[in-house]
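# Structural characterization, general
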Amino acid sequence: MKKILLLLLALCICCAAPAAFAEEESTVAGFMGTWTAVRFVYGDLVDMDKEMLRENQVTWLLEIKEDGTFHSNNGESETDGTWTESDGVLELKFNEEYIFQAEQDGDLLHVVLDTGSGTLQEYYLARTEEL
């Protein structure tokens, strides 16, 4: 009887492991693609929606690639960087000074930079193909 229970337990563990890895992979896969800014928030001072961004000529295209890199274009400059993922949150590293945290918020990508002064810069990005 003990052998049967051990065999069933081992079978359950073997079946559960691939599902856990598949869930992690699909979380990361959800970040891949090209995103564009649709909202910008800077503390309590600024809250710009898509129309206000357009009127003020504020743009940001972010392409997150499967190889652990990303490409950023804000209309004035282009930058490449690297990303890592932990617990469903991406860390986007532009350089040692600018490290953003990104996580999915429904259909949007919520990207945050802690300015160190207690004020957050927050960007909400949508997939470009959904605009």
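Refer to the structure presented above.
Described below are features of the structure shown in this document. Remember, it's a predicted structure, so these values are computed and weren't measured experimentally. (Residues numbered from 1 in each chain as written. Predicted model: local features only at pLDDT ≥ 70, side-chain atom pairs only at ≥ 80, totals over all residues. Heavy atoms only, no water.)

Here we come to the pairing of strand β3 (residues 61-64). Residue alternation in β3 divides its side chains into a buried set, Leu62 and Ile64, and an unburied set, Leu61 and Glu63. Here four bridges tie β3 to strand β4 (residues 69-73), and the two strands are oriented antiparallel to one another. Across the sheet, Leu61 pairs through a bridge with Asn73, a residue of β4. In textbook terms, the turn of a hairpin is the stretch between consecutive antiparallel strands, and for β3 and β4 this stretch comprises four residues, one of which, Gly68, has a positive phi near 90°. (Buried < 20%, exposed > 50% of the residue type's maximum accessible area, 1.4 Å probe, protein only. Helix = DSSP H or I, 4+ residues; strand = E, 2+ residues; numbered from the N terminus. Pairing = 2+ DSSP bridges.)

Let us now look at the side chain of His110. Here His110 shows up in strand β8 (residues 108-114). A polar atom in the side chain of His110 sits 3.3 Å from the side chain of Tyr124. Those residues within four positions of His110 in sequence are excluded, and the remaining contacts are Gln101, Ala102, Glu103, Asp105, Glu122, Tyr123 and Tyr124. (Polar contact = N/O pair within 3.5 Å; in protein donor to acceptor, adjacent residues only side chain to side chain. Contact = heavy atoms within 4.5 Å.)

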